[in-house]
Amino acid sequence: MTLTQERQVILFKPQGSINLDSGTVLSEQMAEIKPQHHQLWVIDLAAVDFMDSSGLVPLVKGLKAARQTGCRLVLCNVNPPVKVILELTQLDSVFEIFPKYEDIFASVEDQPLVLAS
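All chains use their own residue numbering, which begins from 1 and follows the written sequence. For a predicted model such as this one, the threshold for reporting local features is a pLDDT of at least 70, and the threshold for listing and counting side-chain atom pairs is 80 or more; totals across whole chains, interfaces and linings nevertheless cover every residue. Heavy atoms throughout the structure, all of them, feed into the side-chain values; hydrogens and water do not.

*Asks:* Talk me through the overall build of the chain; I want residue IDs and the actual numbers.
*Replies:* Helix and strand assignments come from DSSP, with helices taken as H or I runs of at least 4 residues and strands as E runs of at least 2, each series counted from the N terminus. Looking only at helices and strands, the chain has 4 helices and 6 strands in total. In the chain, the succession of α and β elements from N to C terminus is β-β-α-β-β-α-β-α-β-α. Any pair of residues with heavy atoms lying within 4.5 Å of one another is described as a contacting pair. Sequence-distant contacts in the chain: of pairs separated by 6 or more residues, those separated by 24 or more amount to 76%.

*Asks:* With reference to specific residues and values, describe the sheet that holds strand E1 (residues 8–12).
*Replies:* A pair of strands counts as paired when DSSP detects no fewer than two bridges linking them. With respect to topology, 4 strands assemble into an open sheet ordered E1-E3-E5-E6, the strand pairing being parallel. Either end of the sheet is taken by a strand with one partner, and the two such strands are E1 and strand E6 (96–98). Taken pair by pair, the neighbouring strands of this sheet meet at an average axis angle of 30 degrees, ignoring direction. Where strand E3 (residues 39–44) and strand E5 (residues 72–76) come together, 5 bridges link them in parallel fashion. Each residue of the ladder has a partner; that of Val 42, found in E5, is Val 74. Angular values range over 0 to 180 degrees, each being the angle between N-to-C directions of two axes fitted as lines to C-alpha atoms, with helices fitted over their stretch in contact. This element, helix H2 (residues 56–69), spans E3 and E5 of the sheet and lies at about 150 degrees to E5.

*Asks:* Please give an account of the packing of aromatic side chains that cites residues and values.
*Replies:* Between the rings of Phe, Tyr and Trp (Trp by its six-membered ring), a pair exists once the centres lie within 6.5 Å; its type follows the angle of the planes, with under 30 degrees stacked, over 60 edge-to-face, and the other angles tilted. Overall, the coordinates contain 2 aromatic pairs when judged by the stated rule. On the basis of an interplanar angle of 65 degrees and a centroid distance of 5.1 Å, the ring pair of Tyr 101 and Phe 105 is categorised as edge-to-face. Separated by 4 residues within a single helix, Tyr 101 and Phe 105 lie in helix H4 (residues 101–110), roughly one turn from each other.

*Asks:* Quick one: what's the story with the nonpolar core, residue by residue and with numbers?
*Replies:* The criterion is simple. A nonpolar core is a set of buried Ala, Val, Leu, Ile, Met, Phe, Trp, Tyr and Cys residues joined through side-chain atoms within 4.5 Å. Accessibility here uses a 1.4 Å probe with only protein chains present; expressed as a share of the type maximum, an area under 20% marks a residue as buried, one over 50% as exposed, and anything in between as partly exposed. If you look at the biggest cluster of nonpolar residues, it comprises 22 residues, and the most contacted ones within it are Ile 43, Leu 45, Leu 59, Leu 73 and Leu 75. No other element matches H2, which puts 4 residues into this core. The contact partners of Ile 43, leaving out residues within four places of it in the chain, are Phe 12, Pro 14, Met 30, Leu 59, Leu 73, Val 74, Leu 75 and Cys 76. If you look at the next biggest cluster of nonpolar residues, it comprises 6 residues, including Leu 40, Val 42, Val 74 and Phe 98.

Keep in mind these values describe shape, not function.
Structure below.
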């Protein structure tokens, strides 16, 4: 018997600054997609050079929505100015953060697939 499980990856790539205005746009984009347990939501922050406290709102809302449905939400490519905000708010311990996009899948491949009987 062969069992294949594929994850559906939803990739968000905000750019520039994440503040009240752009954070609202990101929240709206995330709200358009209903998280499902088999999805992997990736927020790639490579092109984000600044985030203020109001920019954290869409990330936290997205994480909450993902967790409620068993979806996984991760951050990657976090630039130093954004990392400082995550560390100051201690959200770096709440989010799964990966140095690079490719590292996300290496962590998934290392985990065994557990089937319920």
